[in-house]
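# Coordinate inspection notes
Residues per chain, in single letters:
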Amino acid sequence: MKFDIHSVVRPHILNLAPYSSARDEYTGKEGVFLDANENPIGSATPENWNRYPDPYQFAIKEKLAPIKGCRPTQIFLGNGSDEPIDLIIRLTCEPKVDNIIILPPTYGMYEVSASVNNVAIQKIPLKPDYQLNIDAILEAINSKTKLIFICSPNNPTGNLINREAILQIIENFQQGIVIIDEAYNDFSDEPSFIPSLDEYPNVMVLQTFSKAWGLASLRLGMAFAQEELITLLNKIKYPYNINGLTQKLLIENIDNTDFVKKSVATLNENRAQLEKELSELPNVEHIYPSDANFLLVRFKEAKAVFDYLIENKTIVRDRSKVILCDNCLRISVGTKDENSILMGYLRSYEA
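First things first, this report covers the structure right here in the doc. Within each chain, residue numbers correspond to sequence positions counted from 1 in written order. Confidence filtering applies because this is a predicted model: local features only for residues at pLDDT of at least 70, side-chain atom pairs given and counted only at 80 or more, and all residues used for totals across whole chains, interfaces and linings. To get the side-chain values, take all heavy atoms of the structure and skip hydrogens and water.

### A few points about the layout of surface pockets
Points on a 1 Å grid over protein atoms alone make up a cavity when a 1.4 Å probe fits among them but cannot get out, and a pocket when they form an open set with protein on both sides within 12 Å along at least five of seven lines; lining residues each have an atom within 4 Å of a point. Grid points are joined across faces, edges and corners, and a volume is the space filled by probe spheres set on the points. There is about 650 Å³ of room inside the largest pocket. In terms of lining residues, the largest pocket is bounded by 25 residues, among which Lys-29, Arg-51, Tyr-52, Pro-53 and Asp-54 are the most central. Secondary structure elements follow DSSP: runs of H or I of four or more residues count as helices, runs of E of two or more count as strands, with numbering from the N terminus. Of all elements in the fold, only α2 (22-25), α3 (58-68) and α9 (244-253) reach the threshold of two or more residues within the lining of the largest pocket. If you tally residues by element for the lining of the largest pocket, the top one is α9, at 4 residues. Under the scheme applied, nonpolar residues are Ala, Val, Leu, Ile, Met, Phe, Trp, Tyr, Cys and Pro; charged residues are Asp, Glu, Lys and Arg; polar residues are all the others, including Gly. Looking at the lining of the largest pocket residue by residue, the classes come out as 11 nonpolar, 7 polar and 7 charged. Counted as a void, the second largest pocket has a volume near 480 Å³. Taken together, the residues of the lining of the second largest pocket sort by class into 10 nonpolar, 7 polar and 9 charged.

Below, the structure written as structure tokens:
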């Protein structure tokens, strides 16, 4: 594959001198630290937080790389996946000049981040079966297209995007970067694209600790790509983008992959049971196949059902106004008790 990252990145960023933090200039752990204007006395907490954290999160990346099947140098950690989404747009797209392609219905932050950065958006809707319209995507690519965002399993539809279709886009779009958002990949049997990064240098993969890992409150997202792209993302990020407490808690959790496996197995079982019970409701018209930790469900009266659930403090997501999701509610899979409460209200609504 003939792909040159330098032709994709905005020229002035290639020549940009990044901010050099105190922890860039000295990476040792021991010494008398008088370089960063920190408070040497400590913190008003049982554990001291007075020192700046590792700006590149090396300890996390060393532990994470073998879990994900990549090298530590292929990992970027961000404040949620939203940070690398924003950074990749800023890195590659000239405002008012370049454009990105998104495939609605899909995750809303791709569009929001592009709009914030004044970057044009081409929307190529998925087909009615929520798969890629390959011909329309390839036809939409022009000389100013820098990024294509593909979410698989897709949010809010829950389905996997056909892998061969994704590969076709990757192979036919070598002027820019294909971002594959795998936030829900843990809940599917589909292999990640991460081990294929050396084969496809024009790919960036997004994952998160918010779903299967149960660490949404820590706000830690992952991006995986060729080393040179990761270096450029580190060049333009804020110096200390991942706080010390998040790094500490992640280190404490990252070895517990058994929890992730058990959590995924439990939620997938709960999803199957929830799908079965929902299918028995006369107000449910269709339940879309899901490889994620949620179900997209089409109701006869979605807005009325949504309002009724809200009145009973049972909160789902109304996706009725999203393209190709008419009368649809997105329901996150809960615990057995939470799902039982939901079903109780849905059955009482039918009555």
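### Focus: the pattern of salt bridges
A pairing counts as a salt bridge when a side-chain nitrogen of Lys or Arg comes within 4 Å of a carboxyl oxygen of Asp or Glu. In the structure shown here, the tally under the stated rule is 18 salt bridges. Among the salt bridges present, the one from Asp-198 reaches Arg-71, with a minimum N-O distance of 2.9 Å. Remark: Arg-71 occurs in the loop between α3 and β1 (75-79) and Asp-198 occurs in the loop between β5 (177-181) and β6 (203-208); sequence separation between them is 127 residues. The exposure class assigned to Arg-71 is partly exposed, which follows from its relative accessible area of 33%. Sharing partners across several salt bridges, the network here consists of Arg-23, Asp-35, Glu-38 and Arg-51. Three labels apply to residues, based on accessible area from a 1.4 Å probe with only protein chains included: buried if under 20% of the type maximum, exposed if over 50%, partly exposed otherwise in between.

### Digging into the packing of aromatic side chains
Each aromatic ring pair is characterised by the separation of its centres together with the angle its planes make. For Phe, Tyr and Trp, rings pair up if their centres lie within 6.5 Å, where Trp contributes its six-membered ring, and each pair is then called stacked (planes under 30 degrees apart), edge-to-face (over 60) or tilted (otherwise). Evaluated as defined, the whole model comprises 9 aromatic pairs. Both rings, one in Tyr-130 and one in Tyr-288, keep their centres 5.1 Å apart while their planes meet at 50°; by these two values the pair is tilted. With Tyr-130 in the loop between β3 (120-123) and α6 (134-140) and Tyr-288 in the loop between β8 (284-287) and β9 (294-299), this pair connects stretches of sequence that are 158 residues apart. When its relative accessible area of 13% is taken as the criterion, Tyr-288 is described as buried. Here the aromatic rings of Phe-209 and Trp-213 are separated by 5.1 Å at their centres, their planes lie at 70°, and the arrangement is edge-to-face. Each member of the pair, Phe-209 together with Trp-213, is buried. By the ring-pair criterion, three or more aromatic residues cluster together here, those being Tyr-107, Tyr-110 and Phe-149. Put simply, a charge is over a ring when the Lys NZ or the Arg CZ is close to the ring centre, within 6 Å, and near the line of the ring normal, within 35 degrees. A cation over an aromatic ring shows up here: Arg-163 above the ring of Phe-193, its NZ or CZ 4.0 Å from the ring centre.

### Focus: the sheet that holds β9
Ordered in space as β8-β9-β11-β10, the 4 strands form an open sheet in which the pairing is antiparallel. Strands with a single pairing partner mark the edges of an open sheet, and in this sheet they are β8 and β10 (317-318). A pair of strands is labelled paired if DSSP reports no fewer than 2 bridges between them. Where β8 and β9 come together, 3 bridges link them in antiparallel fashion. Considered in β9, the bridge of His-286 is made with Arg-298.

### Notes on the pairing of β3
Sheet faces and side chains relate simply in a regular strand, where the side chains alternate between the two faces. Bridge analysis of strand β2 (residues 99-102) against β3 gives 4 bridges, and the strand direction is parallel. In the strand pairing of β3, Ile-101 is matched with Gln-122. After leaving β2, the chain enters helix α5 (residues 109-116) and then returns to the sheet as β3, a path that is right-handed. Assignment of crossover handedness uses the view with strands pointing away from the viewer, where a clockwise path from the first strand over the helix to the second indicates a right-handed crossover.

### Describing empty space enclosed by the protein
Once rolled over the atoms, a probe with the size of a water molecule shows which space is left empty. Enumeration over the complete set of coordinates arrives at 2 cavities of 30 Å³ or more. Taken as a whole, the largest cavity holds about 50 Å³ of empty space. Ser-152, Leu-160, Ile-161, Arg-163, Ile-166, Ile-180, Glu-182, Asn-185, Glu-190, Pro-191 and Phe-193 are the residues that line the largest cavity. Here the lining of the largest cavity is built from residues that sort into 6 nonpolar, 2 polar and 3 charged. The space that makes up the second largest cavity amounts to roughly 30 Å³. Residues belonging to the lining of the second largest cavity are distributed by class as follows: 6 nonpolar, 2 polar and no charged.

### Here we look at the packing of helix α10 (residues 257-279) against helix α12 (residues 336-350)
At their nearest, the axes of α10 and α12 sit 11 Å apart, and the two run at 10° to each other. Between α10 and α12, the angle falls in the class roughly parallel. Contacts between α10 and α12 pair Asn-270, Leu-274, Glu-277 and Leu-278 from the former with Lys-336, Asn-339, Leu-342, Met-343, Leu-346 and Arg-347 from the latter. Here the residues of the contact of α10 with α12 are counted per class, giving 5 nonpolar, 2 polar and 3 charged. Axis geometry follows a simple rule: fit a line to the C-alpha atoms, using only the stretch in contact for helices, then measure angles between N-to-C directions, giving values from 0 to 180 degrees. These descriptions rest on fixed angle ranges, namely under 35 degrees for roughly parallel, over 145 for roughly antiparallel, 65 to 115 for roughly perpendicular, and the rest for oblique. Contacts are assigned to residue pairs that have any heavy atoms within 4.5 Å of one another.

### A word on α5
Among all positions in α5, only Tyr-110, Ser-113 and Ala-114 are buried. The arc that holds every buried residue of α5, seen down its axis, measures 100°, which confines them to one face. Asn-118 sits one or two residues past α5 and shows a positive phi near 60°. The directions from the helix axis to the C-beta atoms are what the arc is built from.

### Quick notes on the nonpolar core
General note: in soluble globular proteins, nonpolar side chains tend to be found buried as a group. In plain words, nonpolar cores are sets of buried Ala, Val, Leu, Ile, Met, Phe, Trp, Tyr and Cys residues tied together by side-chain atoms within 4.5 Å. Leu-132, Ile-150, Ile-170 and Phe-224 are the most contacted members of the largest nonpolar core, which totals 57 residues. No other element matches the 5 residues that helix α7 (residues 163-172) contributes to this core. Grouped together as the second largest cluster of nonpolar side chains are 31 residues, Phe-3, Ile-13, Tyr-110 and Ala-225 included.

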